[in-house]
Amino acid sequence: MICIEVNGLTKRFGAKKVVDDLSFTLPVHTSTALIGPNGAGKTTTISMLCTLLKPSSGTATVSGFDIVKQRDDVRHSIGLVFQDSSLDEYLTAEQNLYFHAYAYSIPRAERKKRIDDLLELVGLADRRKSKVSTFSGGMKRRLEIARGLLHHPDILFLDEPTLGLDPQTRRHIWDHIINLQKSGGLTIFLTTHYMDEAENCHRIT
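Residues numbered from 1 in each chain as written. Predicted model: local features only at pLDDT ≥ 70, side-chain atom pairs only at ≥ 80, totals over all residues. Heavy atoms only, no water.

### Structural notes on the overall build of the protein
What the protein contains, in helices and strands, is 7 helices and 9 strands. Against the 2.2 N^0.38 benchmark of 17 Å for 205 residues, the protein shows a C-alpha radius of gyration of 17 Å, consistent with a compact globule. In the protein, which comprises 205 residues, the share counted as buried stands at 49%. Excluding contacts between residues fewer than 6 apart, the proportion of contacts in the protein whose partners are at least 24 apart in sequence is 70%. As presented, the protein carries roughly 10100 Å² of accessible surface, and 51% of it is formed by carbon and sulfur atoms. Distance between charge centroids for the protein: 4 Å, based on 26 positive and 24 negative side chains. (Helix = DSSP H or I, 4+ residues; strand = E, 2+ residues; numbered from the N terminus. Rg over C-alpha atoms; globule rule 2.2 N^0.38 Å. Buried < 20%, exposed > 50% of the residue type's maximum accessible area, 1.4 Å probe, protein only. Contact = heavy atoms within 4.5 Å. Areas by Shrake-Rupley, 256 points an atom, 1.4 Å probe, with all protein chains shown as cover. Lys, Arg positive; Asp, Glu negative; His and termini not counted. Charge placed at Lys NZ, Arg CZ, Asp CG, Glu CD.)

Below is the structure:
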């Protein structure tokens, strides 16, 4: 069963073609790494698949939804961890997750358990009341992964999830990603320029 289908996806900024005629399919419940150097169009590709950028040409579906015609459906079916932190650093870890829960209309009866479970999953349960401004880069990344999973997406997009982190923290983040994959039911699509990280995935594009 196909989770993402991309046909001839292209993005131009003026005369510059950043993504050129990209085509691939991604099966459900697998992990795929889109690998390439900085400036290769990896973030632009994720931005199009997540409906943040409109393609110049070509088509793509995510969870069966067209990325141009069914943007809201796409957005509710995915989780996204940006390359740069988008957490509110003045809020606590728990408050950041509650804000996301409200935004995605997660039923009140389910919010606390989901947040408790995810904070435990990413090893931040003991820091739930701490402001994000006191977190290290690795802790912020783990919290963002928890936030991306809170609304039970079909697909988790990770844009350079370990960029700028030290080797030990990178390994810790990857342990979490691998455990998420092994838990079943989740498709992961990530970008990286680290070949050793890409080798953790089922497929490399």
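### Thoughts on the packing of helix H3 (residues 93-103) against helix H5 (residues 137-149)
Relative orientation of the contacting elements H3 and H5 amounts to 25 degrees, with a least axis distance of 9 Å. Judged by the inter-axis angle, H3 sits roughly parallel to H5. H5 is crossed by H3, and the crossing has right-handed handedness. On the side of H3, the interface is formed by Ala93, Leu97 and His100, while H5 contributes Leu143, Ala146 and Arg147. (Axes fitted to C-alpha atoms, helices over the stretch in contact; angles between N-to-C directions. Parallel < 35°, antiparallel > 145°, perpendicular 65-115°, else oblique. Left-handed = near helix turned anticlockwise from the far one by under 90°.)

### Here we look at the packing of H5 against helix H6 (residues 167-182)
The interhelical angle for the contact between H5 and H6, taken along N-to-C directions, is 15 degrees, at an axis separation of 10 Å. As far as their axial angle goes, H6 and H5 are roughly parallel. For H5 against H6, the interelement crossing comes out right-handed. Along its contact with H5, which presents Gly138, Arg141, Arg142, Ile145 and Leu149, the element H6 presents Thr169, His172, Ile173, His176, Ile177 and Leu180. In terms of residue class, the contact of H5 with H6 is made up of 5 nonpolar, 4 polar and 2 charged. (Nonpolar A, V, L, I, M, F, W, Y, C, P; charged D, E, K, R; others polar.)

### Some details on the pattern of salt bridges
As enumerated under the stated definition, the model contains 14 salt bridges in all. Of the charged contacts, one joins Arg141 and Glu144 as a salt bridge, the two residues approaching to 3.7 Å between their closest N and O atoms. Of the two residues, Arg141 and Glu144 both sit in helix H5, 3 residues apart, roughly one turn of that helix. Among the residues examined, Arg141 registers a relative accessible area of 7% and is labelled buried. The exposure class of Glu144 is buried, given its relative accessible area of 1%. For Glu144, the salt bridge identified is with Arg147, shortest N-O distance 3.7 Å. Residue Glu144 and its partner Arg147 are located together in helix H5, separated by 3 residues, close to a single helical turn. One network of salt bridges, in which partners are shared, links Glu94, Lys112, Asp116, Arg128 and Lys129. (Salt bridge = Lys/Arg side-chain N within 4 Å of Asp/Glu carboxyl O.)

### Looking at H5
Between its first and last C-alpha, H5 extends 19 Å over 13 residues, near the 18 Å set by a 1.5 Å rise per residue. What H5 keeps buried is the set Gly138, Met139, Lys140, Arg141, Arg142, Leu143, Glu144, Ile145, Ala146, Arg147, Gly148 and Leu149. Buried residues in H5 make contact with strand S6 (78-81), H3, helix H4 (108-121), strand S7 (155-159) and H6. (Expected span 1.5 Å × (residues − 1).)

### Quick look at the layout of surface pockets
Of the voids in this model, the largest pocket is the one considered here, and its volume is about 370 Å³. Leu80, Phe82, His100, Tyr104 and Arg147 are the residues nearest the centre of the largest pocket, which is lined by 18 residues in total. Among the elements of the structure, S6, H3 and H5 are those that each provide at least two residues to the lining of the largest pocket. When grouped by side-chain class, the residues that make up the lining of the largest pocket number 9 nonpolar, 6 polar and 3 charged. (1 Å grid on protein atoms, 1.4 Å probe; cavity = no way out; pocket = protein on both sides within 12 Å on 5 of 7 lines; lining within 4 Å. Points joined across faces, edges and corners; volume = space filled by probe spheres on them.)

### Quick notes on the nonpolar core
Leu143, Ile145, Leu156 and Leu158 are the most contacted members of the largest nonpolar core, which totals 32 residues. If you list the elements that add at least two residues to this core, you get H3, H4, H5, S7, H6 and strand S8 (187-192). In contact with Leu156, other than residues within four places in its own chain, are Gly79, Leu80, Val81, Ile145, Gly148, Leu149, Leu180, Leu186, Thr187, Ile188 and Phe189. If you look at the next biggest cluster of nonpolar residues, it comprises 22 residues, including Leu9, Phe24, Met48 and Ile78. (Core = buried A, V, L, I, M, F, W, Y, C linked by side-chain atoms within 4.5 Å.)

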